[in-house]
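Here is how the chains run, residue by residue.
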Amino acid sequence: MRIGQGYDAHRFEPGKPLVLGGVSIPHDEGLKAHSDGDVLIHALCDALLGAAGEGDIGRHFPDNDQDYAGIDSRVLLRQVVERLHAAGWRTGNVDLTAVAQRPKLAPHIDLMRERISSDLDVEPQQVNIKATTTEGMGFTGRAEGIAAYAVVLLTEDEGG
Ligand code: MG
């Protein structure tokens, strides 16, 4: 078994769609980024790559590469998963935390879980997603952006 952790944060940018955990969320601002800004999936990709000893998302998908401009982060996640499968790893479980003062994320968690588990090729029960505020403290508390934490466990693929 291998464990990995990931962290990411992006600032809000007015007039951009908000995408989190692979789900479009109605809000008046999105997250500034070279990609779609899906901070939760970025943290997850970093945790997966970290567990496999494969560096980080920036190494695999450089943010100065035009191929990745505005890209759906689920595409990046699926590429990471393919790489791990090829290296003989399967996802055991993942536990994700999004830190956002607003918008309210709870109504979107089930769909995030469905989409992320599908991209990971695991059952939804292997994916846990939590959302919290920081009670107004810090940059997330001031609603300047959203942060995300991820922890994953990889297991060796028994199929070899
Ligand atoms: Mg990011």
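Attention in this report is confined to the structure presented alongside it. (Residues numbered from 1 in each chain as written. Predicted model: local features only at pLDDT ≥ 70, side-chain atom pairs only at ≥ 80, totals over all residues. Heavy atoms only, no water.)

Moving on to unusual backbone geometry. Between R102 and P103 the backbone carries a cis peptide bond, its omega angle lying at 0°. The phi torsion at A143 lies on the positive side, around 60°, for a residue other than glycine. Within the secondary structure layout, A143 lies in the loop between α5 (138–141) and β7 (145–156). The class for A143 is buried, based on a relative accessible area of 9%. (Helix = DSSP H or I, 4+ residues; strand = E, 2+ residues; numbered from the N terminus. Buried < 20%, exposed > 50% of the residue type's maximum accessible area, 1.4 Å probe, protein only.)

To continue, consider the packing of aromatic side chains. A full pass over the atoms with the stated rule returns 2 aromatic pairs. On the numbers, 4.9 Å between centres and 50° between planes, the contact of Y7 with Y149 is tilted. Taken as a pair, Y7 in strand β1 (residues 2–14) and Y149 in strand β7 lie far apart in primary sequence, 142 residues in all. With relative accessibility at 37%, the residue Y7 sits in the partly exposed group. Ring centres of F61 and Y68 lie 5.3 Å apart, and the angle between their planes is 85°; this geometry places the pair in the edge-to-face category. Given a relative accessible area of 16%, Y68 falls into the buried group. (Phe/Tyr/Trp six-rings, centres within 6.5 Å; stacked < 30°, edge-to-face > 60°.)

Across 10 bridges, strand β5 (residues 89–99) lies against β7 in antiparallel orientation. Pairing of L96 across the sheet is with A150, part of β7. Judged from the 6 bridges that link them, β5 and strand β6 (residues 127–132) form a sheet pairing that is parallel. What sits directly across from V99, in β6, is T132. For the segment spanning β5, helix α4 (residues 109–120) and β6, crossover handedness is right-handed. (Pairing = 2+ DSSP bridges. Right-handed = clockwise from strand over helix to strand, strands pointing away.)

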